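Structural overview for review
Here are the chains, one letter per residue:
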Amino acid sequence: MAGPHDSLTGRLARTIAHLGPIPLAQYMAEANAHYYAHRDPLGVTGDFVTAPEISQMFGEMLGGWLADMAVRAGSHDACYVELGGGRGTLARDALRVMAGAGLRPEVHLVEASPVLREAQRSLLAEHAPVFHDSAASLPEDRPLLIVANEFFDALPIGQLVRTPRGWREMVVALGGTDADEPDARSFVPVPGDRPMDSAIPPARADAPADTLIEVCPAASAIMHELGGRLARQGGAMLALDYGHLQPFTGSSLQAVRAHRKVDPFTDPGAADLTAHVDFAALADAARAAGCRVDGMAQQGEFLLALGIAQRAAALARANPASAGTVAEALDRLVSARAMGSLFKVLALAAPGWPQGAGLAHAPS
């Protein structure tokens with residue numbers, strides 16, 4: 001049986017004690033790797049609920065968007081690709097709609113969690129999903145129809161803060177005093193010692209003292225890979241997450257456990273660590289790879305433009321007893337009081353592919 005010194009808290013504490021503070025990105029990466037390797041975090045009994053678990057309508061709208069793109073492009077051999085597919089609920093609902101449009105694509109899932117892979121394999125058994133550790137191993141011989149819902153927010157971020165000594169990277173150091181009990185030590189974020197002025201965009205170099213900006217090199221690298229794939233192979237992509245359409249300042253790092261926000265620096269690996277997604281940076285990475293950016297929008301506006309309200313009305317008519325539940329789900333997905341404005345959508349397509357629906361008035 002593993003002893004207390006085998007815990008993630010203990011391992012991180014000993015690493016910091018021996019080698020010094022570690023970058024925030026390393027702390028977040030190790031915490032989330034441990035978290036997703038050991039649990040199914042979704043649902044009422046988990047730590048959080050994602051849009052596909054709220055209602056089948058969410059996956060149906062995305063599946064309809066992808067099917068429309070493929071049909072208008074004349075691409076019936078495209079693969080369905082999902083990054084971080086949860087339990088497979090979104091894929092199930094999207095693929096059902098795509099089948100109604102005459103599309104039965106191969107299913108490729110980029111998923112690191114062994115627990116969630118098993119859930120996806122079970123729910124999507126009829127589609128025989130192929131699993132990937134990263135986007136690098138996705139098929140290269142056909143177009144890709146890609147969905148990334150609440151994927152980018154869990155990637156490790158770095159934070160840079162302007163101090164009186166110049167720009168510094170935020171690192172994670174040890175708090176507390178009991179060096180003999182690593183599991184009892186706490187963690188604290190502090191500015192590091194290494195100058196980071198050269199990493200700051202010129203437009204932000206002279207920001208006021210205490211300004212903090214977040215960067216996510218992992219997200220930009222993945223989006224550059226996917227954008228390049230779309231440019232070379234054809235296809236389209238939807239990325240949906242909570243975040244900002246324009247660059248922002250301040251810390252957005254948060255931890256969620258049992259549907260409540262908790263301290264990100266307490267008990268690493270026991271909560272889901274996330275940060276707001278910089279959609280402008282994702283769009284820039286895709287463009288740099290030769291992909292076309294069709295637009296960005298709030299999730300509520302996008303889903304309403306695709307006809308989710310009409311779909312909700314149809315579901316309520318078909319089963320009047322569920323009308324209240326359907327209305328509640330619709331409100332959660334599109335209302336500004338819930339996910340409608342906090343969550344954003346980025347739509348991408350290969351050059352030469354049709355313009356995606358629902359984004360005619362979105363900024364590009």
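Above this text is the structure in question.
Residues numbered from 1 in each chain as written. Predicted model: local features only at pLDDT ≥ 70, side-chain atom pairs only at ≥ 80, totals over all residues. Heavy atoms only, no water.

Here we come to the packing of helix H10 (residues 308-318) against helix H11 (residues 323-334). To describe two helices that pack against each other, one gives the angle between their axes and the distance between the axes. Put simply, H10 and H11 touch, their axes get as near as 9 Å, and they point 165° apart. In terms of their interaxial angle, H10 and H11 are classed as roughly antiparallel. Judged by the sense of rotation from one axis to the other, the crossing of H10 with H11 is right-handed. Residues Ile308, Ala309, Ala312, Leu315 and Ala316 of H10 form the contact with H11, whose participating residues are Ala323, Val326, Leu330, Leu333 and Val334. (Axes fitted to C-alpha atoms, helices over the stretch in contact; angles between N-to-C directions. Helix = DSSP H or I, 4+ residues; strand = E, 2+ residues; numbered from the N terminus. Parallel < 35°, antiparallel > 145°, perpendicular 65-115°, else oblique. Left-handed = near helix turned anticlockwise from the far one by under 90°. Contact = heavy atoms within 4.5 Å.)

To locate leftover empty space, one rolls a probe as large as a water molecule over the atoms. Volume-wise, the largest pocket comes out at about 730 Å³. Lining of the largest pocket is provided by 39 residues; of these, Gly84, Glu111, Ala112, Phe151 and Ala154 occupy positions nearest its centre. Going through the elements one at a time, helix H2 (24-37), helix H3 (51-54), strand S2 (79-83), helix H5 (89-100) and helix H7 (217-233) are the ones with two or more residues in the lining of the largest pocket. Examining the composition of the lining of the largest pocket, we find that five residues originate from one element, H2, more than from any other. (1 Å grid on protein atoms, 1.4 Å probe; cavity = no way out; pocket = protein on both sides within 12 Å on 5 of 7 lines; lining within 4 Å. Points joined across faces, edges and corners; volume = space filled by probe spheres on them.)

Inside soluble globular proteins, nonpolar side chains tend to come together where they are buried. Core analysis: the largest hydrophobic core is formed by 50 residues, its most contacted members being Tyr27, Phe152, Phe187, Met223, Met237, Leu346 and Leu348. A total of five residues in this core trace back to one element, the largest contributor, which is helix H8 (residues 279-288). Residues contacting Phe152, with those up to four places away along its chain left out, are Ala219, Ile222, Met223, Met237, Ala239, Asp241, Val277 and Leu282. (Core = buried A, V, L, I, M, F, W, Y, C linked by side-chain atoms within 4.5 Å. Buried < 20%, exposed > 50% of the residue type's maximum accessible area, 1.4 Å probe, protein only.)

Each regular strand carries side chains that alternate between the two faces of the sheet. Within strand S10 (residues 235-244), nine of the ten residues are buried, which leaves the element mostly enclosed by the surrounding structure. In terms of strand pairing, S10 meets strand S16 (residues 343-349) through seven bridges, oriented antiparallel. Bridged to Ala236 within S16 is Ala349. Here two bridges tie S10 to strand S14 (residues 277-278), and the two strands are oriented parallel to one another. Note on S14: the bridge partner recorded for Gly243 is Val277. (Pairing = 2+ DSSP bridges.)

Right, let's talk about the side chain of Arg142 for a bit. Note that Arg142 resides in the loop between strand S4 (130-132) and strand S5 (144-149). Only 2.9 Å separates the side chain of Arg142 from the side chain of Asp141, close enough to count as a polar contact. Once residues lying within four places of it in the same chain are set aside, the contact partners of Arg142 are Asp77, Cys79, Glu106 and Gln233. (Polar contact = N/O pair within 3.5 Å; in protein donor to acceptor, adjacent residues only side chain to side chain.)

This next bit is on H11. End to end, H11 covers 17 Å across twelve residues, agreeing with the expected 16 Å (1.5 Å per residue, within 8%). The inward-facing, buried residues of H11 contact H3, helix H4 (56-73), helix H9 (299-306), H10 and helix H12 (339-342). (Expected span 1.5 Å × (residues − 1).)

Each pair of aromatic rings is reported with the distance of its centres and the angle of its planes. Applying the stated rule across the entire model yields five aromatic pairs. Consider the rings of Tyr35 and Tyr36, whose centres lie 5.0 Å apart with planes at 90°: the pair is edge-to-face. (Phe/Tyr/Trp six-rings, centres within 6.5 Å; stacked < 30°, edge-to-face > 60°.)

All right, on to the packing of H4 against H10 then. The geometry of H4 relative to H10 is characterised by a closest axis approach of 10 Å and an angle of 130° between their N-to-C directions. Here H4 lies oblique to H10, going by the angle between them. In this structure, the crossing between H4 and H10 has a hand that is right-handed. Of the residues in H10, those in contact with Gln56, Met57, Glu60 and Met61 of H4 are Ile308, Arg311, Ala312 and Leu315. Of the residues assigned to the contact of H4 with H10, the class counts are five nonpolar, one polar and two charged. (Nonpolar A, V, L, I, M, F, W, Y, C, P; charged D, E, K, R; others polar.)

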